[in-house]
Amino acid sequence: MPNYYVFLGPPGAGKGTQAKIVADTLQLSHVSSGDIFRANLSNQTELGKLAQGYMNRGELVPDDLTISMIRDRLQKPDCGKGAILDGFPRTPAQAEALDIMLRENAGEVVFVPLISVPNNLILERMTGRWSCRAAGHVYHSKYNPPKQAGVCDLDGSELYQREDDKLETVQKRLDVYEKQTAPLIAYYSAQGKLVEIDGSLEITQVTASLLQALAGK
Ligand code: ADP
Ligand code: AMP
């Protein structure tokens, strides 16, 4: 049965950083809703144009658009054996839609690590984040700097600071997380799938906790 893992946590907690490492380690696909939206934005697709305003304001893109985008992505052959989901689901309606679409392929969400980080660290992480244009690899000016400033170590593409990582937008996104996404903690707890992981530690230590927790699933 294909197993899916939902990496939950506030924006800037380190979901993308960890999802990429864990997906490489376990040879699973990494599905990041934010990365897919940003790819659509830079290619100026219809979906990108529809999503742009919501993203720049730090709001969630409406559920119908997001759910159908993820449904398309999960139907790709590389997700057939399972995947790590990062940034999706973000609302109870998305979580319910995910359960239904996975069940259609005899899959299920088996484990939900909640990466917890206090808000003061989040602000520092997001305002120091640099992302790569080509594949969404992430760096931090202080905690995870690239070898050469402004250039991705992994694919040589340009690093940029996200429009929505400005202080006022970050605050809005934290508010949106509390109101719209935090209810998923109770949703997955009730199913016995949630494990809290201390995301305030160094990147390698967080990875070790995640791999240990995943090994028991
Ligand atoms: P998310 O996907 O949850 O929004 P990211 O993985 O993009 O978060 O991480 C946000 C920022 O924090 C990035 O600049 C990243 O390099 C940095 N970061 C991630 N994990 C850690 C950590 N454990 N310690 C310090 N900085 C981190
Ligand atoms: P992220 O890269 O996960 O921080 O997401 C960046 C932005 O993309 C969010 O602030 C939203 O505007 C949008 N987004 C990403 N994932 C979702 C989702 N599951 N539901 C709605 N909007 C999303």
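Only a predicted model underlies this, so the values are computations on that prediction, with no experimental measurement involved. (Residues numbered from 1 in each chain as written. Chains lettered and ligands numbered in written order. Predicted model: local features only at pLDDT ≥ 70, side-chain atom pairs only at ≥ 80, totals over all residues. Heavy atoms only, no water.)

Trainee: What exactly am I supposed to notice about helix α3 (residues 46-57) here?
Mentor: It helps to recall that an α-helix has 3.6 residues per turn; residues three or four apart then point in one direction. Those residues of α3 that sit buried are L47, G48, A51 and M55. The buried side chains of α3 occupy one side of the element, clustering within an arc of 80 degrees when seen end-on. Considering only its buried residues, α3 is in contact with α2 (33-42) and α4 (63-74). Directly beyond the C-terminal end of α3, a positive phi value near 80 degrees is found at G58. (Buried < 20%, exposed > 50% of the residue type's maximum accessible area, 1.4 Å probe, protein only. Helix = DSSP H or I, 4+ residues; strand = E, 2+ residues; numbered from the N terminus. Arc of directions from axis to C-beta. Contact = heavy atoms within 4.5 Å.)

Trainee: Just checking my understanding: could you explain the site of ligand 1 for this structure?
Mentor: Near ligand 1 there are 19 residues, and of these G12, T17, R129, Y139 and L201 occur at the shortest range. Note that an oxygen atom of ligand 1 is positioned 2.8 Å from one of the backbone N or O atoms of G16. A distance of 2.6 Å is found between an oxygen atom of ligand 1 and a side-chain nitrogen or oxygen belonging to R129. Protein contacts shield 94% of the accessible area of ligand 1, which totals 570 Å² for the unbound molecule. Among the secondary structure elements, those contributing two or more residues to the shell around ligand 1 are α1 (15-26), β6 (138-140) and α9 (203-215). Its residues assigned to classes, the shell around ligand 1 shows nine nonpolar, six polar and four charged. (Near = heavy atom within 4 Å. Polar contact = N/O pair within 3.5 Å; in protein donor to acceptor, adjacent residues only side chain to side chain. Areas by Shrake-Rupley, 256 points an atom, 1.4 Å probe, with all protein chains shown as cover. Nonpolar A, V, L, I, M, F, W, Y, C, P; charged D, E, K, R; others polar.)

Trainee: Would you explain the packing of α2 against α4 in this entry?
Mentor: When two helices pack together, their arrangement is given by the angle between their axes and by how far apart the axes lie. Running from N to C, α2 and α4 cross one another at 100 degrees; their axes reach a closest spacing of 11 Å. When the axis of α2 is compared with that of α4, the two are roughly perpendicular. Together, S33, I36 and F37 of α2 and T66, M69, I70 and R73 of α4 make up the contact between the two elements. Its residues assigned to classes, the contact of α2 with α4 comprises four nonpolar, two polar and one charged. (Axes fitted to C-alpha atoms, helices over the stretch in contact; angles between N-to-C directions. Parallel < 35°, antiparallel > 145°, perpendicular 65-115°, else oblique.)

Trainee: When you look at the pattern of salt bridges in this model, what are you seeing that I'm missing?
Mentor: Side chains that differ in charge, positive against negative, can pair when their charged atoms come close. Inspection of the entire model under this criterion finds 14 salt bridges. D165 serves as the salt-bridge partner of R129, at 2.8 Å between the closest nitrogen and oxygen. Of this pair, R129 sits in strand β5 (residues 129-132) while D165 is found in the loop between β7 (159-160) and α7 (167-181), placing the two residues 36 residues apart along the sequence. Taken as a pair, R129 and D165 share a single burial class, namely buried. K166 is the partner of E163 in a salt bridge, and the nearest nitrogen-oxygen pair spans 2.9 Å. Classification of E163 by relative accessible area gives partly exposed; the value is 45%. Assessed through its relative accessible area of 39%, K166 is described here as partly exposed. Linked through salt bridges whose partners overlap, the residues forming this network are R129, R162, D164, D165 and R173. (Salt bridge = Lys/Arg side-chain N within 4 Å of Asp/Glu carboxyl O.)

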